[in-house]
Amino acid sequence: DSVLLLSSMNLPGGELRRRSAEDELAMRDYLQEGDLISAEVQSVFSDGAVSLHTRSLKYGKLGQGVLVQVSPSLVKRQKTHFHDLPCGASVILGNNGFIWIYPTPEQKDEEAGGFTTNLEPVPLSDREVISRLRNCIVALVTQKLMLFDTSILYCYEASLPHQIKDILKPEVMEEIVLETRQRLLDLEG
Amino acid sequence: EDLRVDGRGCEDYRCAEVETDVVSNTSGSARVKLGHTDILVGVKAEMGTPKLEKPDEGYLEFFVDCSANATPEFEGRGGEELGTEIANTLYRVFSSESSVDLKSLCINPREHCWVLYVDVLLLECGGNLFDAISIAVKAALFNTRIPKVRVLEDEEGSKEIELSDDPYDCIRLNVNDVPCIVTLSKIGYRHVVDATLQEEACSLASLLISVTSKGALTSMKKVGKGSLDPESIFEMMETGKRVGKSLHIALQKILDEEESLGTSRQKVGFLG
């Protein structure tokens, strides 16, 4: 169970003010049941309940993208889990195993504070990149490789000669992950 | 623009594994793995009395069991509703006269015939159940070996049925006309074949059509809460026929390959 208090959230517009009763009632305009958000764990209660917050502008409601659910043990713990990959998409590696892949937004500063969702159709080239990343992540997970930005990027580059839907074939998967593993070993050594 | 989340086109199937003869005490069996969907079909041939309205034909009986391993919703009796729905769909698909040669299953008109009990077991639910089940049923029927029997007549006129001594002396079924089900799910304005669980959750309506290898439609069923435009139904039917034909060709190729390997084939079975 987890709680996200109104006081731990950013209001749209980024304004800093005391939350009033109107804010409570208008909360449903910002977030509804079924929305996907990215948040950070503030503290863990003794009964296992978790208290969340979205205090920074990088957290908030997630727009269009693809979710991949993996085992939490495969996500490497790093300083930052938000990565903008050079291939044209961004990825959020949640410690709970939920990986969110989405097209990199053009403008870097979002005044809305993460509450407006961009519902414009995503261009085909971006969608191809996202599908390829999704299949690469599934391949890495099947072969039990740790997930972090470098491993995902190497896997993406190794998969470029193949068609996107072929990555899910067992033989192609093994080949790509073997190449990724080799490059990572070369990086260390 | 023909690109799904996992990179497939709208008419692409996932990677499928088909293996026959996995269960040793059945007359025929097959196991199909389509992505995360896992189906096991066993066919047992038993002697029975022909139905009254069709005295010179045998018949098929379908039974679908949704194992509790598939999803937590199937715990206890949860899977019965889905099981009966699938069984009724299979009866409908095979109700056409030309699907299986039922006359070859007859031993003595009005007295004895072969009844094929087809048991379907859902091991894992990963989207697109009907297609996987129909592929498994076709493969299992292809694999079925029915022992040859001879009817001897005594002097008093009582008939005796004799089983041939040779265990390899059996009749095989002709599965050339057995239809396969193709499920087309409508998502937005387009329709997709072989939907994953996530895609099924997004689609409001689907069309199940059963297609034979020659491209003939034997039955059609619409599932889902949403509505389908009559024009889109035509489009979906055309797509289904096309996809169904190529599915049959691919399946037959694999079955023939497996057959040609003979007894030296390495069986993966369940523990491989």
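Residues numbered from 1 in each chain as written. Chains lettered and ligands numbered in written order. Predicted model: local features only at pLDDT ≥ 70, side-chain atom pairs only at ≥ 80, totals over all residues. Heavy atoms only, no water.

Another aspect to go through is the confidence of the model for chain B. All names here are of chain B. On average, residues of chain B carry a pLDDT of 81, and 93% of them reach 70 or more. This model gives residues 266–272 a pLDDT under 50, and the stretch forms nine contacts once residues within four places in sequence are excluded. Reported confidence for the predicted complex is 0.73 by ipTM and 0.82 by pTM. (pLDDT = per-residue confidence, 0-100. Contact = heavy atoms within 4.5 Å.)

Next up on the list: helix α1 (residues 80–93) of chain B. Residues and elements named next belong to chain B. If you check α1, its first and last C-alpha atoms are 20 Å apart, about what 14 residues at 1.5 Å a residue would give, namely 20 Å. Of the residues making up α1, those classed as buried are Gly83, Ile86, Ala87, Thr89, Leu90 and Val93. Along the axis of α1, the buried residues cluster in a sector spanning 160 degrees; they form a single face. Tucked into the core, α1 has its buried residues touching β4 (59–66), β6 (112–124), α2 (129–143), β11 (180–187), β13 (205–211) and β14 (217–224). (Helix = DSSP H or I, 4+ residues; strand = E, 2+ residues; numbered from the N terminus. Expected span 1.5 Å × (residues − 1). Buried < 20%, exposed > 50% of the residue type's maximum accessible area, 1.4 Å probe, protein only. Arc of directions from axis to C-beta.)

The next subject is the UniProt feature "domain: Exoribonuclease phosphorolytic" (unreviewed entry) in chain B. Mapped onto this structure's residue numbering, the UniProt feature "domain: Exoribonuclease phosphorolytic" (unreviewed entry) falls at residues 13–147 and 177–242 of chain B. A distance of 36 Å separates the end C-alpha atoms of residues 13–147 of chain B, which is 21% helix and 38% strand. (UniProt positions renumbered as here; feature names shortened; annotations may be inferred.)

All names here are of chain A. Two numbers describe how helix α3 (residues 149–159) lies on helix α4 (residues 170–188): the axes approach to 9 Å, and their chain directions differ by 130 degrees. Relative to α4, the element α3 lies oblique. When you trace α3 past α4, the crossing you get is right-handed. Contacts between α3 and α4 involve Thr150, Ser151, Tyr154, Cys155, Glu157, Ala158 and Ser159 from the former and Ile176, Glu179, Thr180, Arg183, Leu184 and Leu187 from the latter. For the contact of α3 with α4, the residue count by class is six nonpolar, four polar and three charged. (Axes fitted to C-alpha atoms, helices over the stretch in contact; angles between N-to-C directions. Parallel < 35°, antiparallel > 145°, perpendicular 65-115°, else oblique. Left-handed = near helix turned anticlockwise from the far one by under 90°. Nonpolar A, V, L, I, M, F, W, Y, C, P; charged D, E, K, R; others polar.)

This part covers the pairing of strand β8 (residues 89–93) of chain A. Residues and elements named next belong to chain A. Among the five residues in β8, five count as buried, and that is most of the element. Residues of β8 alternate between two faces, with Ala89, Val91 and Leu93 on one and Ser90 and Ile92 on the opposite face, all of them buried. Direction of pairing for strand β7 (residues 82–84) relative to β8: antiparallel, over a ladder of three bridges. From the neighbouring strand, aspartate 84 faces β8, where its bridge partner is serine 90. Adjacent in sequence and paired antiparallel, β7 and β8 are bridged by four residues, among which glycine 88 carries a positive phi angle near 115 degrees. Pairing of β8 with strand β9 (residues 98–103), which is carried by five bridges, proceeds in the antiparallel orientation. Residue isoleucine 92 lies in a different strand from β9, and its bridge partner there is tryptophan 100. Between β8 and β9, which pair antiparallel and follow one another directly, the connecting turn spans four residues, one of which, glycine 97, has a positive phi of 95 degrees. (Pairing = 2+ DSSP bridges.)

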